[in-house]
Amino acid sequence: MALKKLGSPAALFVGAAAFLVTGLLLAFWYAPTDASTMGFSQKIFYFHAPIAECALLAFAVAFVAAVQYLRTQKSVYDRLGYVSVRLGLLFSLLVMATGMIWGKAAWGVWWAWEPRLTTFLVVCLLYAAYFVLRQTVEDETRRATFAAVFAIIAFVDVPLTFFATRFMPAGLHPVVFTTGGARMEGSMLFTFCLTMIGMTLLLAALLRLELAEQALKEELDELKIRAEAGA
Amino acid sequence: MSLQEAVKYVAGAYGVILVAFFASYWSAARRLRSLERQVRALKDALDKREQTTAGGEDDV
Amino acid sequence: MGRRQYAAILRKDLIRELRTREMLVSMFLFVMLALVIFHFAFSVRAGTDLTYFTGGMLWVTFVFGALLGLNRSFAQEKDEACLDGLLLCPVDRVTIFLAKMSGNLIYLLVIQVLAVPVFSLFFIKTSYAVHLGPFLLVVLLADLGICALGTLLATISMSSRARDLLLPIVFLPLVVPVLIAATAATTGIFARGDGLGSLGGKLLFLAVYDAIFLVAAYGTYEFAIGE
């Protein structure tokens, strides 16, 4: 499996921790406080944004795995898709949670229908449906096939949803979570890059761990079948 | 919002993140260990069974 | 060859529906009831002006009405094993998809043609005849997206244990972009008299959505319809 080339889970976790802890320290003691009205609460950005990008990365992995499954029918791709969507959903829920806390700190409201929060809400509901789909299809091959089809159209829908939210009229609270956009200050950008790398490593580590679990589950099922055959 | 309050929220956000990832890692590791144990146990049992049947055939 | 098969499948579905009319009647009644319920839901104060709710009410009604029709059209196929018979024929799977989608599109359009006059009677105070052109365009583009997506998903959920429950859950999140764009466009037309100029962005978006999902359906329908 290509992922094994990334290294053992342990190494990935250590790497992730190193980057994340360093990034966190830099965020508070090196990067300047945001000049806008967000002030100190902007510090949440250094984890919030990487988590969001990793969620989308996980869904992209699921998309690729789905395409590969439909092409090759190898169950390893179904397992990869399942694990990726699960992690993507976890990351998406975290985006929502941190986004809401940031919103409360910066703007005084727990929720606002601004494009990014709304998109991630829809994304959560969308990929939650993935699990409902898997649960209600009993035949294994069919389940994997349908899950793959869904993972493909779901991923395609994410950017469409984001663009569509632009059509929503701006509410009373024009909440916008940006930090100077692409023109972040040097020190902010550096810190952000560190946490971004760290979060990606964390995603890879969790993926490896969960994939190992799925592989073991299959091995266990095969052993059980052998045991019953012999008995 | 005062700095005091802001710090509380920022700490809260990072706390949520920490808890979520730790919980995810811990539950995955726990399930992995339990599965490894089950696989090993089943493998041992199957090997033992194959040994006894092989031994039994020799006797005949 | 493909075109004849497409026409044959489509005709079969339409004739069957025209004979019993059960689906069209149910969809129409549902839409009517929804409009009435919307009035009760929103008019808490006397003389509430619902002009800015028009887009929302209309498209929520159509999306849920479409769900009803989608569920029904595939349930019939499955229950009467028509689909198995169809799959045994050497028909291109994509042709089946296009025929089924066209059928669903026609049902939806029929319902809409009947429902929009009633809707304007209930909720629209100014004349909208002048806005008919842009409105029709919005309706056509949105319907295409709804039916393409809905047909693909209905095919999948047909094989599931809880098909009535599954289809809304997988369909609604995916149709959100269409809902947002169509609602914004429709409300713009009825409340502000938007013309094609200001609607351009939303219409383009709907067209892109339709194109993307038609391509996606083309690529995956073979897998969705199963062995």
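Residues numbered from 1 in each chain as written. Chains lettered and ligands numbered in written order. Predicted model: local features only at pLDDT ≥ 70, side-chain atom pairs only at ≥ 80, totals over all residues.

Draft legend 1. How the structure looks around the overall build of chain A. A tally of helices and strands in chain A yields six helices and zero strands. Counting from the amino terminus, helix and strand elements in chain A follow one another as α-α-α-α-α-α. Expressed as a percentage of its 231 residues, the buried residues of chain A come to 46%. When contacts within chain A are restricted to residue pairs at least 6 apart in sequence, those whose partners lie at least 24 apart make up 80%. (Helix = DSSP H or I, 4+ residues; strand = E, 2+ residues; numbered from the N terminus. Buried ≥ 20, exposed ≤ 12 C-beta atoms within 10 Å, placed from the backbone. Contact = placed C-beta atoms within 7 Å.)

Draft legend 2. Spatial organisation of the overall build of chain C. From N to C terminus, chain C includes eight helices and zero strands. In terms of C-alpha radius of gyration, chain C reaches 18 Å, essentially the compact-globule figure of 17 Å for 227 residues. Overall, the C-alpha framework of chain C stretches about 60 × 35 × 30 Å when taken along its three principal axes. Of all 227 residues assigned to chain C, the portion counted as buried reaches 44%. Of all intrachain contacts in chain C linking residues separated by at least 6 positions in sequence, the fraction that spans at least 24 positions is 86%. (Rg over C-alpha atoms; globule rule 2.2 N^0.38 Å.)

Draft legend 3. The arrangement of the nonpolar core in detail. By size, the foremost hydrophobic cluster in this structure holds 150 residues, and its most contacted members are A:Ala62, A:Phe150 and A:Ala151. Filtering out sequence-adjacent residues up to four positions away, A:Ala62 remains in contact with A:Gly81, A:Ser84, A:Val85, A:Gly88, A:Ala151 and A:Phe155. (Core = buried A, V, L, I, M, F, W, Y, C linked by C-beta atoms within 7 Å.)

Draft legend 4. Geometry of the interface of chain C and chain A. Taken together, the contact between chain C and chain A spans 24 residues of the former and 27 residues of the latter. Every element with two or more residues in the side of chain C that touches chain A is listed here: α7 (163–192) and α8 (196–224) of chain C. By residue number, the principal contributor to the side of chain C that touches chain A is α7(C), which donates 10 residues. Partitioned by chemical class, the residues of the side of chain C that touches chain A number 18 nonpolar, four polar and two charged. (Nonpolar A, V, L, I, M, F, W, Y, C, P; charged D, E, K, R; others polar.)

Draft legend 5. Quick look at helix α5 (residues 93–123) of chain C. Look at α5(C): 43 Å from first C-alpha to last across 31 residues, which is about the 45 Å you get at 1.5 Å a residue. Along its length, α5(C) reaches its greatest deviation from straightness, about 30°, at C:Ala115, and the proline C:Pro117 lies no more than four positions downstream. (Expected span 1.5 Å × (residues − 1). Bend = angle between axes of the 7 residues up to and from the residue.)

Draft legend 6. The arrangement of unusual backbone geometry in detail. With a phi angle near 60°, A:Gln73 is a residue other than glycine that sits in the positive phi range. Summarising the element assignment, A:Gln73 is placed in the loop between α2 (45–72) and α3 (75–107). By C-beta crowding, A:Gln73 is classed as partly exposed, having 13 other C-beta atoms within 10 Å. Phi at C:Arg21 takes a positive value of approximately 60°, unusual for a residue other than glycine. One can find C:Arg21 in the loop between α1 (2–20) and α2 (22–42).

Draft legend 7. How the structure looks around the environment of C:Leu149. All names here are of chain C. Looking at where Leu 149 falls in the secondary structure, it is placed in helix α6 (residues 132–157). Exposure remark for Leu 149: the 27 C-beta atoms within 10 Å place this residue in the buried category. Between the C-alpha atom of Leu 149 and that of Ala 217, which follows or precedes it by 68 residues, the distance is 7.5 Å. What Leu 149 contacts, discounting residues up to four positions off in sequence, is Phe 171, Leu 174, Val 175 and Phe 213.

Draft legend 8. View of the arrangement of the chains. Interchain contacts are distributed over two pairs of chains, and the most extensive set of them lies between chains A and B. The two units chain B and chain C remain apart, with a minimum C-alpha distance of 25 Å.

Draft legend 9. View of the packing of α3(A) against helix α4 (residues 115–136) of chain A. Residue and element names in this part refer to chain A. One can describe the packing of α3 onto α4 by two numbers: an axis separation of 9 Å at closest approach and a directional angle of 150°. For the element pair α3 / α4, the angle class is roughly antiparallel. Judged by the sense of rotation from one axis to the other, the crossing of α3 with α4 is left-handed. The segment α3 lies against α4, with Val 85, Gly 88, Leu 89, Ser 92, Leu 93, Val 95, Met 96 and Gly 99 engaging Arg 116, Leu 117, Phe 120, Leu 121, Val 123, Cys 124, Tyr 127, Ala 128 and Tyr 130. (Axes fitted to C-alpha atoms, helices over the stretch in contact; angles between N-to-C directions. Parallel < 35°, antiparallel > 145°, perpendicular 65-115°, else oblique. Left-handed = near helix turned anticlockwise from the far one by under 90°.)

Draft legend 10. Region of interest: the confidence of the model for chain A. When pLDDT is averaged across chain A, the result is 86; 89% of the residues are at 70 or more. For chain A, the element scoring lowest by mean pLDDT is helix α1 (residues 9–29) of chain A, at 86; α2(A) scores highest, at 95. (pLDDT = per-residue confidence, 0-100.)

Draft legend 11. Representation of the packing of α5(C) against α6(C) within the structure. Residues and elements named next belong to chain C. The contact between α5 and α6 brings their axes to 9 Å, and the two run at 135°. Classified by the interaxial angle, the pair formed by α5 and α6 is oblique. When the axes of α5 and α6 are compared, the crossing they make is right-handed. Each of Phe 97, Lys 100, Met 101, Asn 104, Leu 105, Leu 108, Leu 109 and Gln 112 in α5 lies in contact with α6, whose residues at this interface are Val 139, Asp 143, Leu 144, Cys 147, Ala 148, Gly 150 and Thr 151. Of the residues assigned to the contact of α5 with α6, the class counts are nine nonpolar, four polar and two charged.

Draft legend 12. A look at the environment of A:Leu80. Residue and element names in this part refer to chain A. Checked against the element boundaries, Leu 80 lands in helix α3. Sequence separation of Leu 80 and Ala 65 is 15 residues, and the distance between their C-alpha atoms is 6.3 Å. With residues near it in sequence (within four places) discarded, Leu 80 still touches Ala 65 and Leu 211.

Draft legend 13. Spatial organisation of α4(A). Taking 1.5 Å as the rise per residue, α4(A) with 22 residues should run 32 Å; its terminal C-alpha atoms sit 32 Å apart, in good agreement. Of all the positions in α4(A), only A:Arg116, A:Leu117, A:Thr119, A:Phe120, A:Leu121, A:Val122, A:Val123, A:Leu126, A:Tyr127, A:Ala129, A:Tyr130 and A:Leu133 are classed as buried. The secondary structure elements touched by the buried residues of α4(A) are α3 and α5 (140–164) of chain A together with α7 of chain C.

Draft legend 14. Expanded view of the confidence of the model for chain C. Residue and element names in this part refer to chain C. Per-residue confidence for chain C averages 86 on the pLDDT scale, and 96% of its residues sit at or above 70. Across chain C, α6 holds the top mean pLDDT of 92, while helix α4 (residues 82–88) sits lowest at 71. Taken over the whole predicted complex, pTM reads 0.89, whereas the ipTM for its chain interfaces reads 0.89.

Draft legend 15. Region of the structure containing the environment of C:Leu108. Residue and element names in this part refer to chain C. Within the secondary structure layout, Leu 108 lies in helix α5. Considering only alpha carbons, one finds Leu 108 and Val 63, 45 residues apart in sequence, at a separation of 9.5 Å. Here Leu 108 is in contact with Ala 66, Gly 69, Asp 143 and Cys 147, once residues within four sequence places are set aside.

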